[in-house]
Structures are given as structure tokens and as C-alpha cells.
Amino acid sequence: MSQTEEPKYCVLQSYDDIEIRQYEPKIVAETVIQTERDRANKAAFSILAAYIFGENTSVTKIAMTAPVTQSQPSEKIAMTAPVIQQEAGDQATWAVQFVMPSQYTLATLPKPKDSRITIKEVPSNKVAAIRFSGLAADEQLQENEAKLSAFLARQGIETKGKAIYAFYDSPFILPAFRRNEVMLELK
């Protein structure tokens, strides 16, 4: 079993590979990238990893936690500078988050040096999660999101916002042993 800290939650209901969970509040470091999903995840991971490896105002190393989450923000993101021009393509805006270790508060967490990183508190929330192993390519994520959505619809459970993709393991872990999840926040 991994010694990596995960956000605290309790399982309210369980149905095979689907769980309804109640998460406690947590603090996250987030960066927003506009490109296709996999590229956004890699770019954001590098930005956030630099922060926890000491690129912060107190040059403090922060323990890695799991999962790394990725989602498309539901609300509009404030405009920042510079404006980057790219070819039009299959681009979307992706928010990638590292959950901060529970020992920190907003007041005690080192401030990032990189202005692309936002530190924020995520309130307690209820989610439905479906777990799967293997590669977390777009096809597998969409397939599991559809399965989770169909299950919730059959149960009459309403969701809000877009899917959250959660990745628990290093890319060096063999795909068969990786833990991935698709989560939907519940109303």
C-alpha cells in the first residue's frame, strides 16, 4: 500500500467499481493550461512539480500527494497576460491540481513563485467515482465517464460541473497496476 497522502473522504455507498464519496475540505495548487488534454496534463505537472520541489517563496519542499486531478473548468477563467497565439485545433482549457498535504493551511503553505499557480481551498463535496486501471487515454476516460453518467442517471442522481479525472500513480508504474478514476460532483 502506498504511503502517499490522499484527500480524506468517507464512502457513503459502493456499487462494484463505483463509489459515492464525501470529501473533506482540501487545499490545492492549480494551474490552467490551454491545449489538448494529455499535453495540458504534462505541461501542468511540470509547473506544479517545480512548486512542490522548492520553487516557492520559502524554498520549501512539499510532499507529493495523490491523486493529480484534471478537469475542464465550468466557470470562465479570468484573463491573464501574455496572450499566446497558436494554431486553432482540438484545444480546450484544462485545470490541473495537486492536493496539498493536510498539515498545511492557506496561511502556512509556501507561496508559489510562478504566477501561473493558484492556491485555493476546495470545500467539502460529494462525488461519484469510478475506478479503473490501465492507461488513462482519452478513450478510456470517456468510456468510464459514460459508464458513470449512465449509472447515476439510472439511480436518479444529479451531477454538477464537468468530469474530474484523477491519476494516482507515477507514469513509471506498469499500466495494469495504475489507479485512475473519473469523478462527477453531485448536486
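Before any of the text, the structure's been laid out above.
## Concerning the pattern of salt bridges
Under the definition given, this model contains twelve salt bridges. Here Lys147 and Asp17 are joined by a salt bridge, their closest N and O atoms 3.0 Å apart. One end of the pair, Lys147, is in helix α2 (residues 138–155); the other, Asp17, is in the loop between β1 (9–15) and β2 (18–23), with 130 residues separating them in the sequence. Its salt-bridge partner being Glu181, residue Arg131 comes within 3.6 Å of it at the nearest N-O pair.

## As for helix α1 (residues 37–52)
Between its terminal C-alpha atoms α1 stretches 22 Å, which fits the 22 Å expected from 16 residues at 1.5 Å a residue. Of the residues making up α1, those classed as buried are Arg37, Ala40, Asn41, Ala44, Ile47, Leu48, Ala49, Tyr51 and Ile52. In this structure, the buried residues of α1 make contact with β3 (26–35), β4 (68–71), β5 (92–99), β6 (117–122), α2 and β8 (159–167). Sitting at the head of α1, Glu36 places a side-chain oxygen 3.3 Å from the backbone nitrogen of Asp38. Of the residues flanking the end of α1, it is Gly54, one or two places downstream, whose phi is positive at about 125°.

## Examining a nonpolar patch on the surface
On the surface, a cluster of nonpolar side chains totalling about 330 Å² of accessible area is made up of Ile173, Leu174 and Phe177. Topologically, Leu174 is positioned in the loop between β8 and β9 (180–186).

## Examining the sheet that holds β6
Strand order in the open sheet formed by nine strands is β1-β2-β7-β9-β8-β4-β5-β3-β6, and the pairing between neighbours is antiparallel. Both outer strands of the open sheet, β1 and β6, are each paired with one neighbouring strand and no more. If you compare each strand with its neighbour and ignore which way they point, the axes differ by 30° on average. Note that β3 and β6 share six bridges and pair antiparallel. Across the sheet, residue Thr31 finds its bridge partner in β6, namely Ile117. Against the sheet, α1 makes contact with β3, β4, β5, β6 and β8, and its axis sits at roughly 135° relative to β3, the strand it touches most.

Rules behind the numbers
- Residues numbered from 1 in each chain as written.
- Predicted model: local features only at pLDDT ≥ 70, side-chain atom pairs only at ≥ 80, totals over all residues.
- Heavy atoms only, no water.
- Salt bridge = Lys/Arg side-chain N within 4 Å of Asp/Glu carboxyl O.
- Helix = DSSP H or I, 4+ residues; strand = E, 2+ residues; numbered from the N terminus.
- Expected span 1.5 Å × (residues − 1).
- Buried < 20%, exposed > 50% of the residue type's maximum accessible area, 1.4 Å probe, protein only.
- Contact = heavy atoms within 4.5 Å.
- Polar contact = N/O pair within 3.5 Å; in protein donor to acceptor, adjacent residues only side chain to side chain.
- Patch = residues over 30% accessible without salt bridge, like charges linked within 9 Å, V, L, I, M, F, W, Y side chains within 5 Å.
- Areas by Shrake-Rupley, 256 points an atom, 1.4 Å probe, with all protein chains shown as cover.
- Pairing = 2+ DSSP bridges.
- Axes fitted to C-alpha atoms, helices over the stretch in contact; angles between N-to-C directions.

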